[in-house]
Protein chains: 2
Amino acid sequence: MSTTAQWIWYPGDYEIYLGGKTAYRRYRRNVIFPPSWRVDRPYQCAHFFKDICLEKDADLLIKSTGEQQVMITGRVYPLQPCKENTYSLPAGTYTLFVSVYSPDRVPALFVDGAVKSGSDWNVSENMTLGYSKTAYMVSAGTAELTDPDVLPGDNLFAYKQLAPVYDEVIGNKHFYDFGQETFGYVQISGIEGDGTIRICYGESREEALDSDFCEVFDLVATDGRTDIRLEGSRAMRYLAVECDGCTYQDLSFLYEYLPIEPKSSFRCSDETVNRIYDVAMYTFHLTAREVFLDGIKRDRWAWCGDAYQSILMNFYSFYDKPLNQRTLTYLLGKEPFDHHINHIIDYTFYWYIALYEHYMHFGDLEYIRSLYPRAKKQMQYVLETRNEFGFVEHNDKTWIFMDWGDFSHEGALCVEQILFHKALTVLAFFGELLEDTSAAAQYKKEAASLKKKIFALFWDEERGLLLHHAVDGVVSDEATRYANIFALLYGYLKGDKKRRVIQALKGNGMPPIVTPYAKMYELAALGVASESEYIVDQIRDYWGDMLEQGATSFWELYDPASKDQFSMYGRKFGKSYCHAWGASPLYLFGRFLLGVSPVKAAYEEYEVRPHLGGLNTLQGTVPLIDGCIDINIEHGRLRIVANTDKKGVLFWKGKKIDIPCRKELVI
Amino acid sequence: MSTTAQWIWYPGDYEIYLGGKTAYRRYRRNVIFPPSWRVDRPYQCAHFFKDICLEKDADLLIKSTGEQQVMITGRVYPLQPCKENTYSLPAGTYTLFVSVYSPDRVPALFVDGAVKSGSDWNVSENMTLGYSKTAYMVSAGTAELTDPDVLPGDNLFAYKQLAPVYDEVIGNKHFYDFGQETFGYVQISGIEGDGTIRICYGESREEALDSDFCEVFDLVATDGRTDIRLEGSRAMRYLAVECDGCTYQDLSFLYEYLPIEPKSSFRCSDETVNRIYDVAMYTFHLTAREVFLDGIKRDRWAWCGDAYQSILMNFYSFYDKPLNQRTLTYLLGKEPFDHHINHIIDYTFYWYIALYEHYMHFGDLEYIRSLYPRAKKQMQYVLETRNEFGFVEHNDKTWIFMDWGDFSHEGALCVEQILFHKALTVLAFFGELLEDTSAAAQYKKEAASLKKKIFALFWDEERGLLLHHAVDGVVSDEATRYANIFALLYGYLKGDKKRRVIQALKGNGMPPIVTPYAKMYELAALGVASESEYIVDQIRDYWGDMLEQGATSFWELYDPASKDQFSMYGRKFGKSYCHAWGASPLYLFGRFLLGVSPVKAAYEEYEVRPHLGGLNTLQGTVPLIDGCIDINIEHGRLRIVANTDKKGVLFWKGKKIDIPCRKELVI
């Protein structure tokens, strides 16, 4: 039996509830802008079960997020509370079952006293009559929510009062600068007169001052109030406020953020690189909310490609397991599995790969188990959409993102097949782990056959790289970085092939990457190939450039060759200035400079492969499941302290050294 | 383009919304009592599309049930309303698309002006980006809701004020009798003092006066109010009211009912039979609400067996198409199809059979088309659950209802296989109709093979009847009426077999039926066999007996041999006194005495086979798609007026006569 009572629900439903609410909070020019894909919802009713044995009569707190019916076997009427939410249960051995109906939230239950709610309870969306039948029962979902007075989904955030660092009156507008990108709620006080207040939000000064084209604005009627806190949370650095028929005295901002603490640190001899780390941490924190958002102004949605990178960053920053879980569970969604995640083929595959990384870093087999049946169904959909050659390609129900860039999306893209292979491998791995052996064997077989076909068809021996795509089975000359990046990243290249692909990626033979998003994959691939100096140089150039342009959070898109840093999608201020995928140096530094990574799930075994990357000094902390690794490199001397009981190995200057637990190692 | 603007939605979602709300309105001793099966919900967001061509600029009313985004192709920002819900659209040819987010209701749209919303719009739950892609689009659902000011689901009911016909003070209770079963809201006025009022509802006097065991009660705090209308709708004939700390002057009741008009009539020479018809009409009207409920006190749920019978009754009473549609759509629900409807094997099969009957009586191919994909998925589930012999049997995920009675539920019940066969036949029929020929052929093949197996295994040549069940492929001696009833009802018996089964059903060799529910199937089967006198005698006895017991609406269960007419499920007042399946004489009279039925879909061809059933006179009206048939039989003379343009044939005294349209025919 659980020792501390927790809120419980149908597994996944809390996460789907949180993510689903988030999906519909995007506004474009004061009008809702829902995502184009189907967003699933929790069941509206759930039935919770627990076999209990009470030695004596007991009063239990039984509380839920909706209307509840409390029954015990052998009784024909529901129990009535003896006082609010307290039920008297008789001594005896029986099943306690509680049905919770909560159409507005997620049906969730909290039981405390002689019996406590926890993951040892069962839950069903689809109970068969007779109550003792267990066919549809599964283990209840939890997220360590232990306060009966806080309903699941409430009180997720913390708040901080912000004042503008600068303001001025420009024409009929009051303009404010809060000094850096932030997120939350405008507060206006000392209002006099009945009228309207128009607030234009800007990630740039230009956007805030352009009331006709800023992406987000609010128009508020004062309605006799003297103080107003706006209801909608918004992203901005700048505000421009216009009053019509009213005045106000003061404006401030309530910053809303997830109260998670960094578990990592990073410092080096290059102040630009340090500043990049700090701004990346801030960017990442802003976008880490109910789920990992792509950007806080736009799209304010969870996209799985972006989320994959956020999940990787999370390992080397906040190391917050629930955030990964909420995002992955929500993104997979529910039946019917009749579309790709976010409608994007690559994003479906990233989902599996991200889940694998999550497992390696957090362990958490029970979580994998709870997602596995749906993960299989999603893969079944993918398998059924293959073309005659066994490849996935986009059709009228799906598209390919991969990156913004000038490349063909037609036919079977090599990179999509590589991701497909990796996803199949991951699912086979989980199948074996969960003893679903025949399915695992099937996925393995599919993966092996696919890999063979990929290299037979797409490898260009003359140029020493993987070609871009095949239309109706015929490969064209087009070459892009993507397939080569992922082949290198996932270790599919050996020996000469590997060497030639690295060369190709470091050269200019293929169109360059212009998004931080694809840049991350490229640098990670070269990181796997120990090209740490290249990584640091690239980050210093590309991200450093954004800082020089005045970025206080990292951007969605930065093309040094372009003069337009505002417009996108034909909209004057379409670009996002705070995008999670802009924060990827967090991952790259932790994974490839400090060089810490798990070798076995949950860091049971790990390795440390530090690289100076051309820097003089390097110091930092990487969190792992039961502690952290502190690393310090100065004057060619490495000092490492492993605050963990896990088994680690250090690779340093060609040597392989066992890392002692909780003792300093200096080399 | 539509001529009258209608509310539109994702097909099925309105019905699923209405049915779903209804599912959670049952209370047992003041505690919610949700159904045990999964109740599906509408999508929370839907995207509506219409290609339009405007010759000049136009103002459109665009209104929805939630938050809406109005876009047209070629624009990067959503349109803003020029005034509340009115949008200015430019002249030109483009796609108008509106996304509606409505998590609390069903996302629905109303467009009026130069463009009108209707079934010629497309809708998608799962739009692909780019907006022009049509992969997930389907035709919008409608239900002839044309008032922009009434949101779908609102204003469904009409109301009537009722006063008690009798009241008295009994101890500390005020007791009221409303003269007959009714449904609605208690109203209390002239309240003085702050306290609580406890209202106990009773379908019987005994129940209302038993505050410890009545099934439904309300406990209301007066909270300073002088007049209260209770929020929860309740079923009752009797009330017992207790005040604590307050008094009141007057109590009345607001009767809530669906404003549908009877389109049938029935009178005969037997006043008991006439009274049975009247009480059946009232019973049926009480239970016909958002969807067809089983009973208004208990269970207040839509069960598919009950609904099948209600749908049949509907053809011979209100002839209300939306009621059938709402019920059938809601009962089928949404993906994943991983359980039987209501968890009951027979109920899944009744669903298909009811849909077939609906099609025969109303036509409505577009409705069939909209349900067909999900109907196939539901059948796929059934096919996958067959045992090694190809039969369905109950397991830990499902149960068999068929009837209350003392029979074995183990193994493959013959009756379930007969229903399975009929359901397969129906789905094959729809498959052919919708040109899904390969699926239709597959269902036909499965059906043929099943029928062969049924008769080979279950037919007892010695006793001349179908045996009850087979466990592990071995048939036992047990014989029950059910398989024989449905084999006869669906015309699976010919010649000698048919004759012998009729004999068996009219005899006492098998346990008798004790529910109006199974009684209906039995009488319908004998009706198919033209045993009209037997039908009338049975109805007069069984239903007449209920009237003699004081019924003002027909009951769920009536066993003349039992003295206990109250208790059920171990609960003192568990029985339902107003149960739709008690109203089946409506169907039996219309179908087998007046004898009207469609031969081709939508009554394109119909037949009339009147039977006096031992009565002296018979007169009545049966509605059909474009009018009605009036029938009058007196002194051996039959007069028929067919107020319809459809092609009818009369079978009367061994003759077959073409029925003239809109002219009296006297024979």
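The structure contained in this document is the topic of the report that follows. (Residues numbered from 1 in each chain as written. Chains lettered and ligands numbered in written order. Predicted model: local features only at pLDDT ≥ 70, side-chain atom pairs only at ≥ 80, totals over all residues. Heavy atoms only, no water.)

## Examining the nonpolar core
In terms of nonpolar packing, the biggest core is built from 180 residues, with Tyr-350, Trp-351, Met-379, Ile-418 and Phe-486 of chain A touching the most fellow members. For this core, the leading source of residues is helix 6 (residues 345-362) of chain A, giving 13 residues. Not counting chain neighbours up to four residues away, the residues in contact with Tyr-350 of chain A comprise Cys-304, Gly-305, Tyr-308, Met-402, Leu-419, Phe-486, Tyr-517 and Tyr-521 of chain A. Within the second largest apolar cluster, 178 residues are counted, among which are Leu-151, Leu-331, Phe-362 and Val-415 of chain B. (Core = buried A, V, L, I, M, F, W, Y, C linked by side-chain atoms within 4.5 Å. Buried < 20%, exposed > 50% of the residue type's maximum accessible area, 1.4 Å probe, protein only. Helix = DSSP H or I, 4+ residues; strand = E, 2+ residues; numbered from the N terminus. Contact = heavy atoms within 4.5 Å.)

## Some remarks on the relation of the copies chain A and chain B
Turning chain A through 180° and shifting it by 0.0 Å along the axis lays it on chain B, with an RMSD of 0.0 Å. Those values place the two copies in the arrangement expected of a two-fold rotation axis. Here 100% of the contact residues of chain A are again contact residues in chain B; the copies associate through an equivalent surface. (Least-squares fit on C-alpha atoms with pLDDT ≥ 70 in both.)

## Observations regarding the packing of helix 4 (residues 304-315) of chain B against helix 12 (residues 516-528) of chain B
For any two helices packed against each other, one specifies the inter-axial angle together with the distance between the axes. All names here are of chain B. Direction vectors running N to C along helix 4 and helix 12 enclose 50°, while the axes themselves pass 11 Å from each other. Accordingly, the angle class assigned to the pair helix 4 and helix 12 is oblique. Helix 12 is crossed by helix 4, and the crossing has left-handed handedness. Contacts between helix 4 and helix 12 involve Gly-305, Asp-306, Tyr-308, Gln-309 and Leu-312 on the former and, on the latter, Tyr-517, Met-520 and Tyr-521. Residues belonging to the contact of helix 4 with helix 12 are distributed by class as follows: five nonpolar, two polar and one charged. (Axes fitted to C-alpha atoms, helices over the stretch in contact; angles between N-to-C directions. Parallel < 35°, antiparallel > 145°, perpendicular 65-115°, else oblique. Left-handed = near helix turned anticlockwise from the far one by under 90°. Nonpolar A, V, L, I, M, F, W, Y, C, P; charged D, E, K, R; others polar.)

## Focus: the environment of Asp-472 of chain B
By secondary structure assignment, the location of Asp-472 of chain B is in the loop between strand 24 (469-471) and strand 25 (474-475). Remark: the alpha-carbon pair of Asp-472 of chain B and Gly-411 of chain B, spanning 61 residues in sequence, is separated by 6.7 Å.

## A closer look at the pattern of salt bridges
This structure, assessed with the given rule, holds 78 salt bridges over all chains. One salt bridge in this structure joins Arg-540 of chain B and Asp-270 of chain B, with 2.6 Å as the shortest N-O distance. Here Arg-540 of chain B, found in helix 13 (residues 532-548), pairs with Asp-270 of chain B, found in the loop between strand 20 (265-268) and helix 3 (271-287); they are 270 residues apart in sequence, far enough to count as distant. Exposure remark for Arg-540 of chain B: the relative accessible area of 26% places this residue in the partly exposed category. Looking at Asp-270 of chain B, the relative accessible area reads 17%, which means it is buried. The partner of Glu-446 of chain B in a salt bridge is Arg-386 of chain B, with the nearest N and O atoms 2.8 Å apart. Highlighted residues: Glu-446 of chain B in helix 9 (residues 437-458) and Arg-386 of chain B in the loop between helix 7 (365-384) and strand 21 (412-413), separated in sequence by 60 residues. Classification of Glu-446 of chain B by relative accessible area gives buried; the value is 19%. Arg-386 of chain B sits in the partly exposed class, given a relative accessible area of 29%. Three or more residues are tied together by salt bridges with common partners; here these are Arg-26, Arg-298, Asp-299 and Glu-556 of chain A. (Salt bridge = Lys/Arg side-chain N within 4 Å of Asp/Glu carboxyl O.)

## Considering the packing of helix 12 of chain B against helix 14 (residues 585-593) of chain B
All names here are of chain B. Across the interface, helix 12 lies against helix 14 with an axial gap of 10 Å and an inter-helix angle of 5°. When the axis of helix 12 is compared with that of helix 14, the two are roughly parallel. Touching Met-520, Leu-523, Ala-524, Gly-527 and Val-528 of helix 12 are Tyr-587, Leu-588 and Phe-592, all from helix 14. For the contact of helix 12 with helix 14, a count of residues per class yields seven nonpolar, one polar and no charged.

## Some points on the interface of chain A and chain B
The partner chain B presents 61 residues to the 61 residues of chain A that form the contact. Taken over both partners, the interface formed by chain A and chain B buries close to 5,300 Å², and the fraction arising from carbon and sulfur atoms is 55%. The tally of links between chain A and chain B comes to zero salt bridges. Where chain A meets chain B, there are 24 residue pairs in polar contact (both at pLDDT 80 or more). Of all the elements in the fold, those that place two or more residues in the side of chain A that touches chain B are strand 2 (27-28), strand 3 (31-32), strand 4 (45-54), strand 6 (67-72) and strand 8 (92-101) of chain A. In terms of residues, the side of chain A that touches chain B owes the most to one element, strand 6 of chain A, which gives four residues. For the side of chain A that touches chain B, the residue count by class is 31 nonpolar, 14 polar and 16 charged. (Buried area = accessible area lost by both parts, 1.4 Å probe. Polar contact = N/O pair within 3.5 Å; in protein donor to acceptor, adjacent residues only side chain to side chain.)

## Description of the sheet that holds strand 21 (residues 412-413) of chain A
All names here are of chain A. Strand order in the open sheet made by the three strands is 21-24-25, with antiparallel pairing throughout. Both outer strands of the open sheet, strand 21 and strand 25 (474-475), are each paired with one neighbouring strand and no more. Pairing of strand 24 (residues 469-471) with strand 25 involves two bridges; the strand directions are antiparallel. Across the sheet, Ala-470 pairs through a bridge with Val-475, a residue of strand 25. (Pairing = 2+ DSSP bridges.)

## Observations concerning the pairing of strand 20 (residues 265-268) of chain A
Residues and elements named next belong to chain A. Residues Phe-266 and Cys-268 point to one face of strand 20 and are all buried, whereas Ser-265 and Arg-267, pointing to the other face, are not buried. With four bridges connecting them, strand 20 and strand 28 (residues 618-624) associate as antiparallel partners. From the neighbouring strand, Cys-268 faces strand 28, where its bridge partner is Leu-618.

## Here we look at helix 14 of chain B
The buried count for helix 14 of chain B comes to eight of nine residues, which makes it a mostly enclosed element. At the C-terminal side of helix 14 of chain B, Gly-595 of chain B shows a positive phi close to 75°.

## Side note on the packing of aromatic side chains
Residues and elements named next belong to chain A. Summed over the entire model, instances satisfying the criterion amount to 104 aromatic pairs over all chains. Considering the side-chain rings of Tyr-356 and Phe-429, the 5.3 Å spacing of their centres and the 80° angle between planes classify their relative orientation as edge-to-face. On the criterion of sequence distance, the pair formed by Tyr-356 in helix 6 and Phe-429 in helix 8 (residues 414-433) is long-range, its members being 73 residues apart. Here Tyr-359 and Phe-430 contribute two aromatic rings whose centre-to-centre distance is 5.8 Å and whose plane-to-plane angle is 85°, an arrangement assigned as edge-to-face. Residue Tyr-359 is found in helix 6, and its partner Phe-430 is found in helix 8; the two are separated by 71 residues along the sequence. Each member of the pair Tyr-359 and Phe-430 is classed as buried. (Phe/Tyr/Trp six-rings, centres within 6.5 Å; stacked < 30°, edge-to-face > 60°.)

## Some details on the side chain of Ser-532 of chain A
Structurally, Ser-532 of chain A is set in helix 13 (residues 532-548). Dropping the residues within four chain positions of it, Ser-532 of chain A is found in contact with Leu-593, His-611 and Gly-613 of chain A.

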